[in-house]
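Okay, here's what each chain looks like letter by letter:
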Amino acid sequence: MSVSAMETCEVTLAVRAETSPGEVIAVVGSCEALGSWSHEEAVILHHNDDDGCSWTTTVKVPKGVVSQYRYFKGFFLESKNAGGPCQVIVNMWETHHQLRTMSPTAAHLNIDDGQFGIHNEINCVDSGWLTCQTEIRLRLHYSKSPPVSITKKKFKKSRFRIKLTLEGIEEEDDDEDDLSLSSLHKMPTTLEISMISPNGYKSRHSQPECGYALEPSQWTEYCIHTMDPDNLELTFEFFEEDLSEHVVQGDVHPGHVGTACLLSSSFLESGKDIGRVTLPIMGRNARQTIGKVRVDYLVIRPIQGLQCDMSASYTKYWKKRSTVDVGHRGAGSTHAAKHHKIRENTIASFTSAAKHGAAYVEFDVHLSKDAVPIVYHDLTCCISTKKKNDKNLELIEVPVKDLTFDQLQLLKLAHVTAMKGSDHRDLLDDEDEIDEHQPFPSLSQIFQSVPENVGFNIELKWICQMKDGSWDGNMSSYFNMNTFLDIILSCVLQKAGKRRIVFSCFDPDVCTMVRHKQNKYPILFLTQGISDVYPELMDIRCQSTQIAISFAQSENILGISAHTEELLKHLEYIGDAQSKGLVVFSWGDDNNNHEIRRKLRQQGIDGLIYDSICEEQGEQPNIFQVEEQHSLQEVITEETLKSFTCSCYSIPCSTAPCVSSKPGPESTESDSGLSSS
């Protein structure tokens, strides 16, 4: 029976919520009348003027059919194209995993859903993602050197406070009485500030009149949301913190000494979404410079060519359970001290780890020259001109991004360490490799070939700059970050199905982009912390586990994946991060030691990434399969059990190890949005 021919019921929905000027409440759900989970097709509720917080609407939904739904706050803007759907901006939305439901059978039904964000007495909301608006980030920090350099002798010893203002962004309405949808619901350009340090963070709040002072250990970031990203005038105002010498009697801006102006159109003109500009600081009362300021910028644009639906969100979702095992590069790094014969980052490696109880497999994804998401660890590979049966090798190091997917499939390759010694084990393998052992599988192939009950911890590969100025892989330039992520995220959103996905990345800007470009999957910030093994990174957000925790909180991401080297010196970091609502994984060679893994498990760490998963465990189901088996066991009623001739019903231990299936204290969604089912 077609939807149009189905019998329907009228349902009146009511919810209470406070909104900002121009903001509305809307409902979206599983049936066509509620938009089929599309924010663009959502139904706007009507504001009750007699009760400022009450919103209602009446919809016709299929009779006797269970429909799921949720509410969100946002702006509905006129379409870019005549007759097209509204442009919808989701500011906040309900993210419960136990959805609101209706199954009306009467001709009319009234449903009072109480307070926005609260369902089954659980408050669970999240910020929206970029649908049609753009986010601009401006940063001031001491990663390389002080961001402000003063040349004017008068101010050489001054300490400044800085405030960012927006100019030329207000549009006047010609007809203030026009209450059309396009004029009533407008998204204002907004400006907020975050300050991140190892000691904590301040995030998403307005600036004081004279701004804030900069601190060497602090990352200061200004965040602008706008529908007009190429037409903003961004002005940094500089104020002297010590006013004793230069204050002017009756000055309306005491201590104001200069400005530095940046036009957002310069980002478009440069063709870059991430970069750095140096601006002159112009004195207040004369056409002269008093110094310069270095500003880093990041432009985050909506994902292109794909619309996220609102059926589910896991961006802050984690079920608290025993530590999950994550197979590093599948069954382990090929170049680890102890390694069995399966090549890393291949289908064979991932399926082997899956058979040995890995809850997740971890692997790196980047792009080939022709923009195919591929699985490989290093940014470069060593290719050989070796002929068959000729042991004389000539190795050439080539960036993976400079080779097409088809070219990568034809390579006989070696790890970059082969150029420094005689580690030619990759090259000396059999000439004809079967598909499962082939390096450089595409991400799509991995989704098709690895069992869906195994989660993917997808590390998004990006270049890193070291403190000494050098770059990972000797590459100081890479893909456009927006384009890079749009391609990979689109692949994952289209191919993942019901598979558990956790992204991770060492680059904090990639983490920020993934959080804001899509609404479904979580990301962990990978950090090496303070290390004797790896060189220090340039970005101060990457230089310690403590500031990584602050960054993860500030960006409201799932958590961190910390280097075990620093965790072992500060085991308290695990509990500290978890007390702040974060999930903690760990990685590193130390995790291949059984005793170290035991110690980390005792600390309650959420995930362990290690190489030796196939050596430590025999073939067995993973923790998700065990939980599913126990869930099936629990739904078998006592009457069904009695119908069996045997006296008990059990799952063979060879299929599912015996673990307690009693729900723990964290078996419901928490107020923080971290959920656990």
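Numbering of residues starts from 1 in every chain and runs along the sequence as written. Residue-level local features of this predicted model are given only where pLDDT is at least 70; pairs of side-chain atoms are given and counted only at 80 or more, and the full residue set underlies all totals for whole chains, interfaces and linings. The side-chain figures draw on all heavy atoms in the structure; neither hydrogens nor water molecules are used.

Regarding the environment of Ile224
(1) Moving on: Assignment of secondary structure puts Ile224 in strand β19 (residues 219-226).
(2) Moving on: Note on classification: 1.4 Å probe, protein chains only; a residue is buried when its accessible area is under 20% of the maximum for its type, exposed when over 50%, partly exposed between these limits. Overall, the relative accessible area of 0% leaves Ile224 in the buried class.
(3) Moving on: On a C-alpha basis, the gap between Ile224 and Ile136 in space is 5.1 Å, while along the polypeptide they are 88 residues apart.
(4) Moving on: Here, two residues are considered to be in contact whenever any of their heavy atoms come within 4.5 Å of each other. The residues touching Ile224, leaving out its near neighbours within four places in the chain, are Thr134, Glu135, Ile136, Leu138, Leu164, Leu166, Thr189, Thr190, Leu191, Leu232 and Leu234. Only DSSP runs of H or I with at least four residues qualify as helices, and only runs of E with at least two residues qualify as strands; both kinds are numbered from the N terminus onward.

Some details on the nonpolar core
(1) Moving on: Residues grouped as a nonpolar core are buried Ala, Val, Leu, Ile, Met, Phe, Trp, Tyr and Cys residues, joined through side-chain atoms within 4.5 Å. With 90 residues, the main nonpolar core has Phe363, Leu460, Val492 and Phe503 as its most contacted residues.
(2) Moving on: For this core, the leading source of residues is helix α6 (residues 481-495), giving 7 residues.
(3) Moving on: Membership of the second largest hydrophobic core comes to 32 residues, among which are Val24, Ala26, Val43 and Tyr69.

Details of the state of the cysteines
(1) Moving on: Defined by distance alone, a disulfide is two cysteine sulfur atoms within 2.5 Å. Summed over all chains, the structure comprises 0 disulfides.
(2) Moving on: Left without a disulfide partner, Cys381 is nearest to the cysteine sulfur of Cys382, which lies 7.1 Å away.

What to know about the side chain of Lys517
(1) Moving on: If you trace the backbone, Lys517 turns up in helix α7 (residues 508-517).
(2) Moving on: Lys517 sits in the buried class, given a relative accessible area of 0%.
(3) Moving on: Polar contacts, as used here, are pairs of N or O atoms within 3.5 Å; protein pairs need one atom able to donate a hydrogen and one able to accept it. Residues neighboring in sequence count only if both atoms are side-chain atoms. Of note is the side chain of Lys517, whose polar atom sits 2.7 Å from the backbone oxygen of Arg301.
(4) Moving on: Sequence-distant contacts of Lys517, that is, excluding residues within four places in its chain, are made with Trp129, Leu130, Ile300, Arg301, Pro302, Ile303, Cys308, Asn482, Leu485, Asp486 and Leu489.

Quick look at the pairing of strand β20 (residues 233-240)
(1) Moving on: When you tally the buried positions in β20, you get 7 out of 8 residues, the bulk of the element.
(2) Moving on: Bridge count for strand β15 (residues 160-167) against β20 is 8 bridges, and the pairing is antiparallel. Within β20, the position partnered with Thr165 by the bridge is Thr235.
(3) Moving on: Where β20 meets strand β21 (residues 256-263), 7 bridges bridge the pair, whose relative direction is antiparallel. Directly across from Phe239, in β21, lies its bridge partner His256. When DSSP locates at least two bridges between a pair of strands, those strands are taken to pair.

With respect to the packing of aromatic side chains
Given two aromatic rings, one states the distance between the centres and the angle between the planes to describe the pair.
(1) Moving on: Whether two aromatic rings pair depends on their centres lying within 6.5 Å, for rings of Phe, Tyr and Trp, where Trp uses its six-membered ring; planes under 30 degrees apart make the pair stacked, over 60 edge-to-face, and the rest tilted. Counted under the stated rule, the structure contains 24 aromatic pairs.
(2) Moving on: With centroids separated by 6.2 Å and ring planes inclined at 85°, the aromatic side chains of Phe160 and Phe238 adopt a geometry described as edge-to-face. Placement of the pair is Phe160 in strand β15 and Phe238 in strand β20, with a sequence separation of 78 residues. As far as the burial class goes, Phe160 and Phe238 line up, both buried.
(3) Moving on: Consider the rings of Tyr314 and Tyr317, whose centres lie 5.3 Å apart with planes at 80°: the pair is edge-to-face.

Side note on the pattern of salt bridges
(1) Moving on: By definition, a salt bridge exists where a carboxyl oxygen of Asp or Glu is found within 4 Å of a side-chain nitrogen of Lys or Arg. The full count for this structure, using the stated rule, is 27 salt bridges.
(2) Moving on: The salt bridge partner of Arg301 is Asp273, with a shortest N-O separation of 3.3 Å. Here Asp273 lies in the loop between α2 (265-270) and β22 (274-283) and Arg301 lies in the loop between β23 (289-300) and β24 (324-328), a separation of 28 residues in the sequence.
(3) Moving on: With a shortest N-O distance of 2.9 Å, Glu344 and Arg329 are connected by a salt bridge. Residue Glu344 is found in the loop between β24 and α3 (347-355), and its partner Arg329 is found in the loop between β24 and α3; the two are separated by 15 residues along the sequence. Taken individually, Glu344 and Arg329 each receive the classification buried, so the pair is uniform in this respect.

Describing the packing of helix α8 (residues 545-555) against helix α10 (residues 572-579)
In helix packing, the relevant descriptors are the interaxial angle and the interaxial distance, both defined with respect to the helix axes.
(1) Moving on: Look at α8 against α10: their axes get within 11 Å of each other, and the N-to-C directions meet at 10°. Judged on the interaxial angle alone, α10 and α8 are roughly parallel. Counted together, Thr545, Gln546 and Ile549 of α8 and Tyr573, Asp576 and Ala577 of α10 form the full contact between these two elements.
(2) Moving on: The residue classification treats Ala, Val, Leu, Ile, Met, Phe, Trp, Tyr, Cys and Pro as nonpolar and Asp, Glu, Lys and Arg as charged. All others, Gly included, are polar. Partitioned by chemical class, the residues of the contact of α8 with α10 number 3 nonpolar, 2 polar and 1 charged. Fitting a line to C-alpha atoms yields each axis, with helices limited to the stretch in contact; the angle taken between N-to-C directions then spans 0 to 180 degrees. Relative orientations are named as follows: roughly parallel for angles under 35 degrees, roughly antiparallel for angles over 145 degrees, roughly perpendicular for angles from 65 to 115 degrees, and oblique for any other angle.

So, the sheet that holds strand β5 (residues 54-62)
(1) Moving on: Read across the open sheet, the 4 strands follow the order β4-β5-β1-β9; overall the sheet is mixed. At either margin of the open sheet sits one strand with a lone partner, and together these are β4 (46-47) and β9 (108-115).
(2) Moving on: Two strands pair when backbone bridges link them, and strand β1 (residues 8-16) and β5 are joined in this way by 9 bridges, in the antiparallel orientation. The residue bridging Thr12 from the neighbouring strand is Thr58, located in β5.

Concerning unusual backbone geometry
(1) Moving on: Backbone geometry places Ala371, a non-glycine residue, at a positive phi of 65°.
(2) Moving on: Along the chain, Ala371 turns up in the loop between β25 (360-367) and β26 (373-375).
(3) Moving on: Note on Ala371: relative accessible area 34%, which makes it partly exposed.
(4) Moving on: Phi is positive for Asn556, which is not a glycine, with a value near 55°.
(5) Moving on: As for its position among the elements, Asn556 is in the loop between α8 and β33 (559-563).
(6) Moving on: A relative accessible area of 29% places Asn556 in the partly exposed class.

Quick look at α3
(1) Moving on: Taking burial as the measure, the 9 residues of α3 include 8 buried ones, the bulk of the element.
(2) Moving on: Among the residues of α3, Ile347, Ala348, Ser349, Phe350, Thr351, Ser352, Ala353 and Ala354 are the ones counted as buried.
(3) Moving on: Its buried side turned inward, α3 meets β25, β26, α5 (443-449) and α12 (613-616).
(4) Moving on: Once α3 ends, the next one or two residues include Gly357, with phi positive near 90°.

Some points on the packing of α6 against α7
(1) Moving on: Closest axis-to-axis distance for the α6/α7 pair is 11 Å, and the angle between their directions is 55°. Taken together, the axes of α6 and α7 lie oblique to each other. In this structure, α6 meets α7 at a crossing whose hand is right-handed. Along the contact surface, α6 presents Met481, Asn482, Leu485, Asp486 and Leu489, while α7 presents Asp509, Val510, Met513, Val514 and Lys517.
(2) Moving on: Residues of the contact of α6 with α7, tallied by class, amount to 6 nonpolar, 1 polar and 3 charged. Crossing chirality is assigned from the near helix's rotation relative to the far helix, an anticlockwise turn below a right angle marking it left-handed and a clockwise turn marking it right-handed.

Taken by themselves, the reported measurements are silent on function.
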